[in-house]
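Each chain, written out:
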Amino acid sequence: MSETNVEENVEEQKTEHPDIEQEEKENKYKFIEDLPGVGPATSKKLRTLGYHTVESLAMATTRELEPVGVGEKKAFAIIGAARSVIGVNFIRADELLKKSQDVLRLTTGSKAIDKMIAGGLETQTITEFYGEYGSGKSQVCHQLCVNVQLPIEQGGLEGAALYVDTENTFRLERIVQMAKHIGLEPEEVVKKIIYAEAYTSDHQMFLLENADEIIKENNIKLIIVDSLTSHFRSEYVGREMLAPRQQRLNKHMHKLIALARAFNTVAVVTNQVMAKPDVFFGNALHPIGGNIVGHTSNTRIFLRRASRGPVRIARVVSSPYLPEAEEIFKVTENGIEDVSEEEKLSKKHG
Ligand SMILES: Nc1ncnc2c1ncn2[C@@H]1O[C@H](COP(=O)(O)OP(=O)(O)OP(=O)(O)O)[C@@H](O)[C@H]1O
Ligand SMILES: [Mg+2]
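Residues numbered from 1 in each chain as written. Chains lettered and ligands numbered in written order. Predicted model: local features only at pLDDT ≥ 70, side-chain atom pairs only at ≥ 80, totals over all residues.

## Describing the sheet that holds strand β12 (residues 325–332)
With mixed pairing, 9 strands are arranged side by side in an open sheet as β5-β4-β6-β7-β3-β10-β11-β12-β13. In this open sheet, the two strands that pair with only one neighbour each are β5 (193–197) and β13 (335–337). Strand-to-strand twist of the sheet, defined as the mean angle between neighbouring strand axes without regard to direction, takes the value 25°. (Pairing = 2+ DSSP bridges. Helix = DSSP H or I, 4+ residues; strand = E, 2+ residues; numbered from the N terminus. Axes fitted to C-alpha atoms, helices over the stretch in contact; angles between N-to-C directions.)

## As for the nonpolar core
Grouped together as the largest cluster of nonpolar side chains are 81 residues, with contacts concentrated most on A82, C145, A161, L222, I224, L259 and V268. Each of domain 1 (3–86) and domain 2 (102–349) contributes no fewer than three residues to this core. Leave out the neighbours within four places in its chain, and L222 touches L106, L144, C145, V148, G159, A161, T265, V266 and V268. (Core = buried A, V, L, I, M, F, W, Y, C linked by C-beta atoms within 7 Å. Buried ≥ 20, exposed ≤ 12 C-beta atoms within 10 Å, placed from the backbone. Domains from an automatic or database assignment. Contact = placed C-beta atoms within 7 Å.)

## Brief notes about the site of ligand 1
Taken together, the neighbourhood of ligand 1 is formed by 13 residues, with Y133, K137, S138, Q139 and E333 sitting nearest. In terms of residue class, the shell around ligand 1 is made up of 2 nonpolar, 9 polar and 2 charged. (Near = placed C-beta within 6 Å. Nonpolar A, V, L, I, M, F, W, Y, C, P; charged D, E, K, R; others polar.)

## Details of helix α8 (residues 137–147)
Of all the 11 residues making up α8, 11 are buried; the element is thus mostly covered by neighbouring parts of the structure. Those residues of α8 that sit buried are K137, S138, Q139, V140, C141, H142, Q143, L144, C145, V146 and N147.

## Focus: the packing of helix α11 (residues 201–209) against helix α14 (residues 242–262)
Look at α11 against α14: their axes get within 10 Å of each other, and the N-to-C directions meet at 25°. As judged from the angle between their axes, α11 and α14 are roughly parallel. The handedness of the crossing between α11 and α14 is left-handed. Residues S201, M205, L208 and E209 of α11 form the contact with α14, whose own contacting residues are R248, H252, K255, L256 and L259. When grouped by side-chain class, the residues that make up the contact of α11 with α14 number 4 nonpolar, 2 polar and 3 charged. (Parallel < 35°, antiparallel > 145°, perpendicular 65-115°, else oblique. Left-handed = near helix turned anticlockwise from the far one by under 90°.)

## Remarks on the pairing of strand β3 (residues 126–131)
Two faces, one strand: in a regular strand the side chains alternate between the faces of the sheet. β3 sits mainly inside the fold: 6 of its 6 residues count as buried. Both faces of β3 are covered, namely the face carrying I126, E128 and Y130 and the face carrying T127, F129 and G131. Bridging between β3 and strand β7 (residues 266–271) involves 5 bridges; their strand directions are parallel. By the bridge assignment, I126 is partnered in β7 with A267. Across 5 bridges, β3 lies against strand β10 (residues 299–305) in parallel orientation. The partner of G131 across the bridge, within β10, is L303.

## A word on unusual backbone geometry
Backbone torsion omega between D226 and S227 reads 0°, so that peptide bond is classified as cis. The backbone phi angle of N219 is positive, close to 50°, even though this residue is not glycine. Take N219: it is sitting in the loop between α12 (212–217) and β6 (220–226). Phi at N264 takes a positive value of approximately 50°, unusual for a residue other than glycine. Tracing the backbone shows N264 in the loop between α14 and β7. Look at N264 and you get partly exposed, because 16 C-beta atoms sit within 10 Å.

## Points about the packing of α8 against helix α9 (residues 172–181)
The axes of two packed helices give the description: the angle between them and the distance between them. Between α8 and α9, whose axes approach to 9 Å, the crossing angle comes to 55°. The angle between the axes of α8 and α9 places the two elements in the oblique class. Between α8 and α9 lies a crossing of right-handed hand. Contacts from H142, Q143, C145 and V146 in α8 reach R174, I175, M178 and A179 in α9. Looking at the contact of α8 with α9, its residues break down into 5 nonpolar, 2 polar and 1 charged.

So this is what it looks like as structure tokens:
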């Protein structure tokens, strides 16, 4: 075979397998230092800014790279090269359909809730659970940390969880109970939960800004921030602090969505509510952070207690594609569970 023939063969292979070209890029730009224009000094600065991986750089903006001091044009080239690896570009609408198949879903543990949200929590978007004290937000978060480790066929993502805890409410005992209940080995499950307590809102932001490498190395498929707003709320007090608070929250949420997209993970935040006088309904409960949080969360779910006992009500409040709906579930020693038909009936008649 002549040399030209070999080359033609390679060309042929490429058109038959477009993935090969993609794979080559992935191999070529494995580390940020492999990207064109990233020398030792630049890579050091990028790392101090929290860009440890090609994936997180792909989601950066040239403005975010300003502190690196490489100039806009070069920053653009670096981001462009990083993007070529994960393939974030214009795509045809029929391919969009394929891309949306990349979106994976994680079970909540309740079939009723899963059904209400079209099969479970989506990767690449943020789901916000908000509600009053004791409504079950942290319980749901704990359950998701266990469920994410399940095989795909059982509604899991065969991955690990990253838990950013701002109120020190994460409890290993709960994880152990929930893991046992669904037949997972507790000692294995706890190994796949990476935990970080955030002491201040700045620390909370810092943790996410530097999470990319941990996410990649540990195959993290679920990122939790519980609670998103508690530090912000207690640190930024008063009217004049509202604008800076919202600005910081906005930045934080954007970091989270960028990570969720770059690594195809589920992202969950929890949020408390405050009573606000409402013209029509007296005191209505509103999530903290208002529209900033609302516009970045793709799906907002309001949790509240039923009159008494373990039953909770989950309501889809806003979603780009789901109708408003309500479903019940319960929080028990086993974790998040469905309310059985018998229980529903006995409630009605009792
Ligand atoms: N081991 C358990 N067995 C049964 N129910 C439990 C157990 N642990 C917690 N719960 C239930 O979960 C509730 C606490 O819910 P959770 O901690 O998720 O509230 P939250 O919405 O996160 O509240 P906050 O706003 O204070 O963070 C308890 O009041 C209890 O009803
Ligand atoms: Mg909580």
